[in-house]
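Working through the structure, step by step
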Amino acid sequence: MTRRIRPYDKPAGGWDALRSSLRHVQEQGIVAKGARTLLRANQPDGFDCPGCAWPDRNPHSSFEFCENGVKAVAAEATARSIGADFFAAQTVSELAARDDQWLEAQGRLTEPLAYDPASDRYRPIAWDDAFARIAASLRAQASPDRALFYTSGRTSNEAAFLYQLFVRRFGTNNLPDCSNLCHEPSGLAMREQIGSGKGTVTLDDFAAAEAIFVFGQNPGTNHPRMLGELRAAARRGCRIVAVNPLRERGLERFADPQSPREMLGGGSTEIASLYLTPRIGGDLALLTGLARCLFEWDALDRDFLAGHASGLDELRACVLGAGWDAIEAGSGLARAEIEAAARIYGESRATIVCWGMGITQHTRAVATIQMLVNLLLLRGNIGRPGAGPCPVRGHSNVQGDRTMGIDERPDPAFLDRLGAAFGFAPPRAHGHDVVGAIGAMERGEIDTFFALGGNFAAASPDSARTQAALRRCRLTAHVSTKLNRSHLVHGDQALILPCLGRTEIDLQAEGPQGVTVEDSMSMVHISTGMNAPASAQLLSEPAIVARLAAVTLPDAGIDWLWLIGHYDRIRTRIAQVVEGFEDFNARVRVPGGFHLRNPARERQWRTADGRARLLPHALAPAIATPGLLQLMTVRSHDQYNTTVYGLDDRYRGVNGERRPLFISRADLDRLGLRAGERVDLISVWHDGEREALDFLLVEYAIPAGCVASYFPETNALVPLDHHAERARTPASKSIPVRVRPRGDAA
Ligand SMILES: Nc1nc2c(c(=O)[nH]1)N[C@H]1C(S)=C(S)[C@@H](COP(=O)(O)OP(=O)(O)OC[C@H]3O[C@@H](n4cnc5c(=O)[nH]c(N)nc54)[C@H](O)[C@@H]3O)O[C@H]1N2
Ligand SMILES: Nc1nc2c(c(=O)[nH]1)N[C@H]1C(S)=C(S)[C@@H](COP(=O)(O)OP(=O)(O)OC[C@H]3O[C@@H](n4cnc5c(=O)[nH]c(N)nc54)[C@H](O)[C@@H]3O)O[C@H]1N2
Ligand SMILES: [Mo]
């Protein structure tokens, strides 16, 4: 593929989005099946798109086009598949030399496989034998805490509920999940302040907001359907403020592929009316500045604060104690720019604040999110139509998995109900999160690593340490749809357990089954696949969990296999244990599903003092790190997390290149480098340096001192102990790096 770096000057969306979707469907060899499948995406009788967690508008209306949803669906419904022959033809060491895009492109996994050390190959194994091996490893452990059970966020509610039940009945809370790498700080921050770790808004609020702030999020790529909401809001006069070190195309201009006028007439809609480009990690200072304006202008909602909030005096003292010099230096923005944003906020009677990974993947993520929530509370913007916090979740069911109890630090009340419903005493000690899990494997404290989805080896920080840690396990097992890095970085024994995807028919003893998911705005709905499975040997995730549980814990007094005969039986048990799921089976069958109640939306605050809590966070003095740049690791337009579909990042003007380093003109000049040159990246940390090799310098509009590239290629650079305070989410958006020219390799 030829490489082309050229700024993209068209709006996001438009004909390029349609063309790109068609190309991806063609590449998977499924033009007719692809079209049939896509028409059932996010429909009441269809499946939930396995892409992002953005909610569906109008479940009764027709198909909602989303370029990256098409890619996710096409990748799953692909005509390509791999079986025994593929694995007989090459050793695991040979496969490990391939890149992530190649691994993914081989197609769907079709039969259970076990690693054979003598030949260094994966060989077919019968399902019963696979479960017996895992059960044997679990039962041979000196303690249940010597096992880890990872979850990625595509797992359905039914699978997640059974899984956490199995894991806790087995005796551990070692349930690290992709949330640990993602929105963990959001949940932690909001629970302390408003008593709920979830966003409080719904799509109806987007239609009522007078202002929407989007912090650290790239919806044009990662939540394309969100652009439809932002477009509608902008067109009715709602003011949108984007806060991002990069000028992301989707936040600037959008041509809606669903609008004939914009498609045929060549028009488009301006999204952000104000676009602030702070330096990486500058949001806490910016938010302090915004709050300072509100205090100085006396633009507070006094009634709300008097009736509902605590901590106003402490917050005022903290915010007024931060001088404008520190705010400007910390944010990289001028006071006038901050005041312009504060005016928009101050004039709006209903404001939504959205945020993504640009906020959560920093050391001070929890403090920053609490300042976002402070800002909302200062003007009573929670529990009012058109207003509230909106953490935009990633994986399509990551929020639901937490609701179902995938949590290494479970709520004691949840454990009480689980234990009462199933007649056992669940373990109370907290388990390992992702960072803790890697440390535990490294220290030889783990025998068995089991993953329900995901790609732990590639998604986690500090790749070399993570991969060495996984190799110390006695057994690693992955429930997966596609081949990935984690299958090739394995323990003494290793298993690949191939499962059904969302688009496929899930046939159980009592007939075809649907599963349920919860989106980013707490809507719970059913998802039913309709394609023939990629192979007759695939099992559903609930079936894999139930069969493993039945072999591992035959005397648990739980009829695992009966439960999966009809998923209504699992949902009946969920209704007994999980708050808000009363009458689950009936409510989820109403087209469009139901909304899970969030007390904070009704201004009921389940916090330490029963009020919404304003929590102050002082700015830290700036530490000069001369010679170092701050690296953020982001997603290209052609990837889904560790799944790389292609080499284009259309809106950033990159074609045919997976290793660009976006850098400012000022830094190029200062460092004596030129665009087009290739460099190595070296991260500098207290325990030494880490390297990632061979990046292409791309001159880009990015604040001086900041650089950007893609994950997972840069995960080698993220130190394991560089993570968010308290939430422990890897700080993969602020890695201190320097660049080393490679000579004239380009
Ligand atoms: N197509 C597609 N869809 C996806 C995914 C995917 O990989 N592909 N992943 C899914 C998942 S799991 C998730 S969590 C979401 C992720 O969705 P996003 O949160 O949009 O993820 P990122 O690509 O990491 O983008 C982070 C954005 O934050 C900005 N940013 C970085 N540092 C800072 C900062 O310090 N301050 C501010 N204000 N901005 C900053 C970056 O420039 C970038 O625009 O998307 C989900 N949807
Ligand atoms: N440096 C850096 N690192 C990051 C991030 C970052 O921004 N920067 N983002 C982080 C974030 S937000 C997240 S959420 C994590 C993601 O971490 P993970 O969720 O662990 O990773 P994914 O790449 O989403 O997992 C992809 C694999 O899931 C499997 N899969 C796909 N569909 C299904 C299914 O239906 N069932 C099952 N069982 N398996 C399936 C396929 O085998 C595929 O290879 O990465 C994190 N890592
Ligand atoms: Mo995520």
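Residues numbered from 1 in each chain as written. Chains lettered and ligands numbered in written order. Predicted model: local features only at pLDDT ≥ 70, side-chain atom pairs only at ≥ 80, totals over all residues. Heavy atoms only, no water.

**Things to note about empty space enclosed by the protein**
Over the atoms rolls a probe the size of a water molecule, and its path tells where empty space is left. Under the definition given, this model contains two cavities of 30 Å³ or more. As a volume, the second largest cavity reaches approximately 70 Å³. Split by residue class, the lining of the second largest cavity holds six nonpolar, two polar and two charged. (1 Å grid on protein atoms, 1.4 Å probe; cavity = no way out; pocket = protein on both sides within 12 Å on 5 of 7 lines; lining within 4 Å. Points joined across faces, edges and corners; volume = space filled by probe spheres on them. Nonpolar A, V, L, I, M, F, W, Y, C, P; charged D, E, K, R; others polar.)

**Structural notes on the packing of aromatic side chains**
Here a ring pair, both rings aromatic, is described through the centre-centre distance and the interplanar angle of the planes. For the structure shown, the criterion picks out 25 aromatic pairs. For the ring pair phenylalanine 581 and phenylalanine 584, a centre distance of 4.9 Å and an interplane angle of 75° mean the geometry is edge-to-face. Judged by relative accessible area, which is 1%, phenylalanine 584 ranks as buried. On the numbers, 6.0 Å between centres and 85° between planes, the contact of phenylalanine 584 with phenylalanine 594 is edge-to-face. Linking phenylalanine 584 in helix H31 (residues 584-587) with phenylalanine 594 in strand S23 (residues 594-595), this pair joins segments that are 10 residues apart in sequence. Judged on exposure class, the residue phenylalanine 584 and its partner phenylalanine 594 are both buried. Three or more aromatic residues link up through ring pairs in this structure, and these residues are Phe149, Tyr163, Phe166, Phe170, Phe450 and Trp560. Over the ring of tyrosine 345 we find arginine 379, and its NZ or CZ is 5.9 Å from the ring centre. Sitting over the face of the ring of phenylalanine 594, arginine 587 holds its NZ or CZ atom 4.1 Å from the ring centroid. (Phe/Tyr/Trp six-rings, centres within 6.5 Å; stacked < 30°, edge-to-face > 60°. Buried < 20%, exposed > 50% of the residue type's maximum accessible area, 1.4 Å probe, protein only. Helix = DSSP H or I, 4+ residues; strand = E, 2+ residues; numbered from the N terminus. Lys NZ or Arg CZ within 6 Å of the ring centre and 35° of its normal.)

**Focus on the pattern of salt bridges**
Counting across every chain of the model gives 63 salt bridges. One salt bridge connects glutamate 67 with arginine 650, and the closest N-O pair in it is separated by 2.7 Å. With a gap of 583 residues between them, glutamate 67 in helix H3 (residues 67-76) and arginine 650 in the loop between strand S27 (643-644) and strand S28 (654-655) connect regions that are remote in the sequence. On the accessibility criterion, arginine 650 (13% relative accessible area) is buried. In this structure, aspartate 298 and arginine 302 form a salt bridge, with 2.8 Å as the shortest nitrogen-oxygen distance. Given the relative accessible area of 48%, aspartate 298 is considered partly exposed. The exposure class assigned to arginine 302 is partly exposed, which follows from its relative accessible area of 44%. What you see here is one network of salt bridges that share partners, running through Arg3, Glu657, Arg678, Asp680, Glu691, Asp694, Arg740 and Arg742. (Salt bridge = Lys/Arg side-chain N within 4 Å of Asp/Glu carboxyl O.)

**A look at the sheet that holds strand S22 (residues 523-527)**
Pairing is antiparallel across the open sheet formed by three strands, whose spatial order is S21-S22-S23. In the strand order of this sheet, the two ends are held by strand S21 (515-518) and S23, each with one partner. Where S22 meets S23, two bridges bridge the pair, whose relative direction is antiparallel. Note that in S23 the partner of methionine 523 across the bridge is histidine 595. (Pairing = 2+ DSSP bridges.)

**So, the layout of surface pockets**
Roughly 1,300 Å³ of volume is contained in the largest pocket. Forming the boundary of the largest pocket are 42 residues, of which Arg279, Ile280, Ala622, Ile623 and Gln630 lie nearest the centre. Among the secondary structure elements, those contributing two or more residues to the lining of the largest pocket are helix H15 (283-297), helix H18 (324-331), helix H20 (357-360), strand S25 (629-634), helix H32 (665-671), strand S30 (678-685) and strand S33 (735-741). The residue makeup of the lining of the largest pocket, split by class, is 23 nonpolar, 13 polar and six charged. Counting contributing residues per domain, the lining of the largest pocket is built from domain 3 (184-391) and domain 4 (629-744), each supplying no fewer than three. The space that makes up the second largest pocket amounts to roughly 1,100 Å³. (Domains from an automatic or database assignment.)

**Remarks on the site of ligand 2**
Near ligand 2 you find 30 residues, and of these Tyr150, Ser152, Glu541, Thr642 and Asn715 are the closest. In this structure, an oxygen atom belonging to ligand 2 sits 2.9 Å away from a side-chain N or O atom of histidine 395. Between asparagine 484 and ligand 2, the recorded distance is 2.9 Å, taken from a side-chain N or O atom to an oxygen atom. Residues that form the shell around ligand 2 fall into these classes: 10 nonpolar, 15 polar and five charged. In terms of domain composition, the shell around ligand 2 takes at least three residues from each of domain 2 (82-104 + 111-182 + 399-499 + 539-582) and domain 4 (629-744). (Near = heavy atom within 4 Å. Polar contact = N/O pair within 3.5 Å; in protein donor to acceptor, adjacent residues only side chain to side chain.)

**Description of the packing of helix H8 (residues 157-170) against helix H30 (residues 567-577)**
The N-to-C vectors of H8 and H30 enclose an angle of 65°; their axes lie 10 Å apart at closest approach. Crossing hand, H8 versus H30: left-handed. Of the residues in H30, those in contact with Asn157, Glu158, Phe161 and Leu162 of H8 are Tyr567, Ile570, Arg571, Arg573, Ile574 and Val577. (Axes fitted to C-alpha atoms, helices over the stretch in contact; angles between N-to-C directions. Left-handed = near helix turned anticlockwise from the far one by under 90°. Contact = heavy atoms within 4.5 Å.)

**A few points about the packing of H8 against helix H28 (residues 541-552)**
Two elements in contact, H8 and H28, have axes whose closest approach is 8 Å; the angle formed by their N-to-C orientations is 20°. What the angle tells us is that H8 and H28 run roughly parallel. For H8 against H28, the interelement crossing comes out left-handed. On H28, the residues that touch Ala159, Leu162, Tyr163, Phe166 and Phe170 of H8 are Glu541, Pro542, Val545, Ala546, Leu548, Ala549 and Thr552. Classifying every residue of the contact of H8 with H28 gives 10 nonpolar, one polar and one charged. (Parallel < 35°, antiparallel > 145°, perpendicular 65-115°, else oblique.)

**A few points about the nonpolar core**
The biggest cluster of nonpolar side chains holds 59 residues, and the ones touching the most others in it are Phe149, Phe166 and Trp560. The dominant element in this core, judged by the number of residues it contributes, is H8, at eight residues. Each of domain 1 (9-80 + 502-534) and domain 2 (82-104 + 111-182 + 399-499 + 539-582) gives at least three residues to this core. Each residue touching phenylalanine 166, except ones within four places of it in the same chain, is listed here: Leu138, Phe149, Val545, Leu548, Ala549, Thr552, Leu553 and Trp560. Of all hydrophobic cores here, the second largest spans 57 residues; its members include Phe215, Leu300, Leu315 and Ile382. (Core = buried A, V, L, I, M, F, W, Y, C linked by side-chain atoms within 4.5 Å.)

**Some points on the site of ligand 1**
With respect to spatial proximity, 30 residues lie near ligand 1, and among them Asn244, Glu248, Gly281, Asp283 and Asn641 are the closest. Contact distances for ligand 1 include 2.7 Å between a nitrogen atom and a side-chain N or O atom of aspartate 283. Take glutamine 639: an N or O atom from its main chain is 2.7 Å from a nitrogen atom of ligand 1. Considering ligand 1 on its own, with 920 Å² of exposed area, one finds that the protein chains cover 98% of that surface. Class assignment for the residues of the shell around ligand 1 results in 10 nonpolar, 16 polar and four charged. Shared between two domains, the shell around ligand 1 takes at least three residues from each, and those domains are domain 3 (184-391) and domain 4 (629-744). (Areas by Shrake-Rupley, 256 points an atom, 1.4 Å probe, with all protein chains shown as cover.)

**Some thoughts on the pairing of strand S8 (residues 211-215)**
Among the five residues in S8, five count as buried, and that is most of the element. Here S8 shows no split at all, with Ala211, Phe213 and Phe215 on one side and Ile212 and Val214 on the other all buried. Where S8 and strand S9 (residues 239-243) come together, five bridges link them in parallel fashion. Bridge pairing in S9 links valine 214 to alanine 242. Where S8 meets strand S14 (residues 351-355), five bridges bridge the pair, whose relative direction is parallel. Residue pairing in the sheet places isoleucine 212 in a bridge with isoleucine 352 of S14.

**So, the domain arrangement of the chain**
Its domain assignment divides the chain into domain 1 (9-80 + 502-534), domain 2 (82-104 + 111-182 + 399-499 + 539-582), domain 3 (184-391) and domain 4 (629-744). Here the C-alpha centroids of domain 2 and domain 3 sit 37 Å apart. Across the contact, nine residues belong to domain 2 and six residues belong to domain 3. Note on domain 2 versus domain 3: buried area summed over both sides is about 590 Å², and carbon and sulfur give 35% of it. Among the residues domain 2 hides against domain 3, the three largest losses belong to Cys182, Gln399 and Arg409. Together they make up 57% of the total. Inspection of the domain 2/domain 3 interface yields one salt bridge. A salt bridge links arginine 402 to glutamate 184; its shortest N-O distance comes to 2.9 Å. Linking domain 2 with domain 3 are six residue pairs in polar contact (both at pLDDT 80 or more), by the criterion used here. (Buried area = accessible area lost by both parts, 1.4 Å probe.)

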